[in-house]
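# Report on the structure
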Amino acid sequence: MNSQTQKYAYEDFLKIIETLRSENGCPWDKMQTHESLKPCMTEEAAELLASIRIYEKTGNAENMREELGDILLQVVMHSQIASEEGLFTMEDVIDEVSRKMIRRHPHVFGTGNADTPEEVLTNWEDIKKEEKKDKSWIESPLKEIPVELPSLTRASKVLKKIDKFYEKGNSFEQDIDLLQERLDMLKGCQPESGSKELGTIMGDMLMYLSDIARIYKIPQEQILSDRIEELIETYESNR
């Protein structure tokens with residue numbers, strides 16, 4: 001191990017996690033599985049996003065550095081468990097993502113062309129589609145979108161793929177008309193707790209708003225989060 005004046009290296013970190021998972025390691029770390037660690041990854045991802053917000057607000061990157069380390073911890077823990085199960089190693093993970101980056105950037109590492117960010121994204125999607133063509137776990141373009149995504153994010157992705165693979169999506173004007181239609185229906189509803197009719201109408205409205213977000217490439221999860229923060233600031237600043 002490194003002394004207090006030396007920085008730990010990537011290889012040191014791998015060894016630390018391996019030791020924590022070993023016979024004489026930590027009781028908590030030893031009992032973890034891919035399934036048990038799922039909530040940890042969700043929480044750490046949210047905390048990383050919070051650290052980016054803190055950095056943008058304060059210019060202090062200390063928390064971001066810490067949270068990136070926690071994300072890395074999750075990646076290495078899953079890879080260590082997979083290695084123990086005989087599935088793959090951390091080296092395999094790094095090799096695969098390196099090959100993916102090279103493969104999906106032919107304009108940098110090959111003979112492809114992409115002069116704008118839009119062209120890069122188009123190429124990326126085309127290459128990704130070709131890569132996943134023969135993957136047995138992908139049932140369909142829509143079911144490929146993870147159910148674990150936040151609902152607003154998932155809605156935009158589903159609508160985007162429907163527009164691409166199945167039928168042309170609504171226009172902005174059509175979504176506005178449908179929103180107004182559902183709003184009129186909402187006015188006629190009785191405000192009963194747990195009303196199924198009310199829930200259905202509000203679900204439709206959220207989908208139409210999600211479609212508008214799709215059309216204009218608006219990160220609706222982020223803008224709602226920002227609006228919530230603004231609301232909190234409004235009330236907390238007046239206390």
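Since this is a predicted model, take the numbers as computed values, not measurements. (Residues numbered from 1 in each chain as written. Predicted model: local features only at pLDDT ≥ 70, side-chain atom pairs only at ≥ 80, totals over all residues. Heavy atoms only, no water.)

## Some points on the overall build of the protein chain
Helix and strand content of the protein chain: 11 helices and zero strands. Helices (α) and strands (β) of the protein chain occur, in sequence order from the N terminus, as α-α-α-α-α-α-α-α-α-α-α. Against the compact-globule benchmark of 18 Å for 239 residues, the protein chain has a radius of gyration of 23 Å, which places it well outside the compact range. By its C-alpha atoms, the protein chain is 70 × 60 × 35 Å across when sized along the principal axes. Taking all 239 residues of the protein chain together, the buried fraction comes to 21%. (Helix = DSSP H or I, 4+ residues; strand = E, 2+ residues; numbered from the N terminus. Rg over C-alpha atoms; globule rule 2.2 N^0.38 Å. Buried < 20%, exposed > 50% of the residue type's maximum accessible area, 1.4 Å probe, protein only.)

## Here we look at a positive patch on the surface
A cluster of basic residues, Lys-129, Lys-157, Lys-160, Lys-164 and Lys-217, forms a positive patch on the protein surface. It is helix 8 (residues 151-165) that provides the largest number of residues to the positive patch, a total of three residues. Mapped onto the elements of the fold, Lys-160 is located in helix 8. Lys-160 gets classed as exposed once you look at its relative accessible area, which sits at 55%. (Patch = residues over 30% accessible without salt bridge, like charges linked within 9 Å, V, L, I, M, F, W, Y side chains within 5 Å. Areas by Shrake-Rupley, 256 points an atom, 1.4 Å probe, with all protein chains shown as cover. Salt bridge = Lys/Arg side-chain N within 4 Å of Asp/Glu carboxyl O. Lys, Arg positive; Asp, Glu negative; His and termini not counted. Charge placed at Lys NZ, Arg CZ, Asp CG, Glu CD.)

## Some remarks on the side chain of Ser-156
With respect to the helices and strands, the residue Ser-156 is situated in helix 8. Residue classification places Ser-156 among the buried residues on the basis of a relative accessible area of 13%. Here the side chain of Ser-156 touches Gln-220 through a polar contact of 2.9 Å, side chain to side chain. (Polar contact = N/O pair within 3.5 Å; in protein donor to acceptor, adjacent residues only side chain to side chain.)

## Considerations on the packing of helix 8 against helix 10 (residues 196-216)
The interhelical angle for the contact between helix 8 and helix 10, taken along N-to-C directions, is 65 degrees, at an axis separation of 9 Å. If you check the angle between helix 8 and helix 10, you find them roughly perpendicular. Between helix 8 and helix 10 lies a crossing of right-handed hand. For the pair helix 8 and helix 10, contact is made by Leu-152, Ala-155, Ser-156, Leu-159, Lys-160 and Asp-163 and by Met-207, Ser-210, Asp-211, Ala-213 and Arg-214, respectively. (Axes fitted to C-alpha atoms, helices over the stretch in contact; angles between N-to-C directions. Parallel < 35°, antiparallel > 145°, perpendicular 65-115°, else oblique. Left-handed = near helix turned anticlockwise from the far one by under 90°. Contact = heavy atoms within 4.5 Å.)

## Looking at the nonpolar core
Listed in full, the eight residues of the largest apolar core are Leu-14, Ile-17, Leu-37, Cys-40, Val-76, Met-77, Ile-81 and Met-90. Only helix 1 (10-20) and helix 4 (62-84) provide two or more residues apiece to this core. Here the element with the most residues in this core is helix 4; it accounts for three residues. With six residues, the next largest nonpolar core counts Leu-179, Cys-189, Met-205 and Ile-212 among its residues. (Core = buried A, V, L, I, M, F, W, Y, C linked by side-chain atoms within 4.5 Å.)

## What to know about the pattern of salt bridges
Pairing is possible between side chains that carry opposite charge, provided their charged atoms lie close to one another. For the structure on display, the rule yields 15 salt bridges. A salt bridge links Asp-95 to Arg-99; its shortest N-O distance comes to 2.9 Å. One end of the pair, Asp-95, and the other, Arg-99, are both in helix 5 (residues 90-103), four residues apart, so they sit about a helical turn from each other. Residues joined by salt bridges that share partners form a network here, namely Asp-163, Lys-168, Asp-211 and Arg-214.

## Considering unusual backbone geometry
One non-glycine residue, Lys-217, lies in the positive phi region at around 55 degrees. Looking at the secondary structure, you find Lys-217 in the loop between helix 10 and helix 11 (220-236).

## Regarding a negative patch on the surface
Side chains of Glu-11, Glu-91, Asp-92 and Glu-96 sit close together on the surface and give a patch of like negative charge. Residue contributions to the negative patch peak at three residues, all from helix 5. Note on placement: Asp-92 falls in helix 5. With a relative accessible area of 42%, Asp-92 lands in the partly exposed category.

## Focus on the packing of helix 1 against helix 4
Packed helices, taken two at a time, are described by their axes: the angle between them and the distance between them. Their axes nearest at 10 Å, the elements helix 1 and helix 4 cross at an angle of 60 degrees. In terms of axis orientation, helix 1 runs oblique to helix 4. As for the relative orientation of helix 1 and helix 4, their crossing is right-handed in sense. Counting all contacts with helix 1, which are made through Phe-13, Leu-14, Ile-17 and Glu-18, the residues of helix 4 involved are Leu-72, Leu-73, Val-76, Met-77 and Gln-80. Here the contact of helix 1 with helix 4 is built from residues that sort into seven nonpolar, one polar and one charged. (Nonpolar A, V, L, I, M, F, W, Y, C, P; charged D, E, K, R; others polar.)

Note that all results are geometric; they support no functional claim without further evidence.
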